[in-house]
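# A look at the structure
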Amino acid sequence: MGTNGSTMLEPLRQGLPPLDPSAVSSAASCSLPARYEAVREARQFTRRTLDQWDIGDRFDDVCLVVSELVTNALRHALPANTPRVPEQGPPVRLHLMRWTERLVCAVRDPSHDSPVACESEDFSAESGRGLFLVDSFSDGWGWHPLAGTLSGKVVWALFRLHPDCLRDDT
């Protein structure tokens, strides 16, 4: 397994988040169309889901990260000069998974390219800032290539949640 000369990203390629998938208490996902309005749809879906799970207080951070992950996925799912094949279905999918004290947002896209965080100090740069924001607002993130019949990758971000008992004792 060769590195792309980018050792900075190697530790991030951890596969799935360090959580037991069978212990997930709630999960929701939605497929997103290959157009940029999908970012708004992803935010609305995230808002509804977090409210339903009674963790709407984390919406701002989670929504910012979801927006960045979906924008990155669309950028790779919508390469220029690629013919649209409607039968293929939506290329981008957003998954929200909740454990007792953790929330994971995962976005699937058809690209095999590894996500690269820009080390540039130029905050006016158009791309590369997304992963910096993801890193700043989440408690950890990573990515892994898809296996089996699905091609592409999943990029995920993890958020720690405050247990209800702590919130009620204020």
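Residues numbered from 1 in each chain as written. Predicted model: local features only at pLDDT ≥ 70, side-chain atom pairs only at ≥ 80, totals over all residues. Heavy atoms only, no water.

## Things to note about the packing of aromatic side chains
- If you walk through the whole model with that rule in mind, you get zero aromatic pairs.
- Positioned above the aromatic ring of F59, the side-chain terminus of R47 is 3.7 Å from the ring centre. (Phe/Tyr/Trp six-rings, centres within 6.5 Å; stacked < 30°, edge-to-face > 60°. Lys NZ or Arg CZ within 6 Å of the ring centre and 35° of its normal.)

## A few points about unusual backbone geometry
- Positive phi values are uncommon outside glycine, yet D54 reaches one of about 65 degrees.
- Positionally, D54 belongs in the loop between α1 (38–52) and α2 (59–77). (Helix = DSSP H or I, 4+ residues; strand = E, 2+ residues; numbered from the N terminus.)

## Concerning α1
- Look at α1: 21 Å from first C-alpha to last across 15 residues, which is about the 21 Å you get at 1.5 Å a residue.
- Listed in full, the buried residues belonging to α1 are A38, V39, A42, F45, T46, T49 and L50. Projected down its long axis, α1 shows its buried positions confined to an angular sector of 125 degrees, all on one face. Exposed residues pointing more than 90 degrees away from the buried face of α1 are listed as R48 and Q52.
- Positive phi appears at D54, one or two residues downstream of α1, with a value of about 65 degrees. (Expected span 1.5 Å × (residues − 1). Buried < 20%, exposed > 50% of the residue type's maximum accessible area, 1.4 Å probe, protein only. Arc of directions from axis to C-beta.)

## Considering the sheet that holds strand β2 (residues 92–98)
- Strands sit in the order β1-β2-β3-β5-β4 across an open sheet of five strands; the sheet is antiparallel. The open sheet has two free edges, formed respectively by β1 (26–32) and β4 (141–145), since each of these has just one partner strand. Taken pair by pair, the neighbouring strands of this sheet meet at an average axis angle of 15 degrees, ignoring direction.
- Of the pairings in the sheet, the one linking β2 to strand β3 (residues 102–109) comprises six bridges and is antiparallel in character. Looking across to β3, one finds that R98 is bridged to L103.
- Across the sheet, α1 is in contact with β1, β2 and β3; its angle to β1 comes to roughly 165 degrees. (Pairing = 2+ DSSP bridges. Axes fitted to C-alpha atoms, helices over the stretch in contact; angles between N-to-C directions. Contact = heavy atoms within 4.5 Å.)

## Things to note about the nonpolar core
- Ranked by internal contacts, the top residues of the largest apolar core, which has 32 residues, are L32, V66, V70, L94 and L103.
- Listing elements by their share of this core, those giving two or more residues are β1, α1, α2, β2, β3, α3 (129–137), β4 and β5 (153–160).
- When near neighbours in sequence (up to four residues on either side) are disregarded, V70 contacts L32, A38, V39, A42 and V107.
- V104, L146, V154 and L158 belong to the second largest nonpolar core, which has seven residues in total. (Core = buried A, V, L, I, M, F, W, Y, C linked by side-chain atoms within 4.5 Å.)

## Overview of the pattern of salt bridges
- Across all of its chains, the model carries six salt bridges by this definition.
- Residue R47 pairs with D51 through a salt bridge whose shortest N-O separation is 3.9 Å. One end of the pair is R47 and the other is D51, both in helix α1 and four residues apart, which spans about a single turn.
- Under the relative-accessibility criterion, R47 is labelled partly exposed at 35%.
- Since its relative accessible area comes to 43%, D51 is described here as partly exposed.
- Put simply, R35, E37 and E41 are held in one network by salt bridges that share partners. (Salt bridge = Lys/Arg side-chain N within 4 Å of Asp/Glu carboxyl O.)

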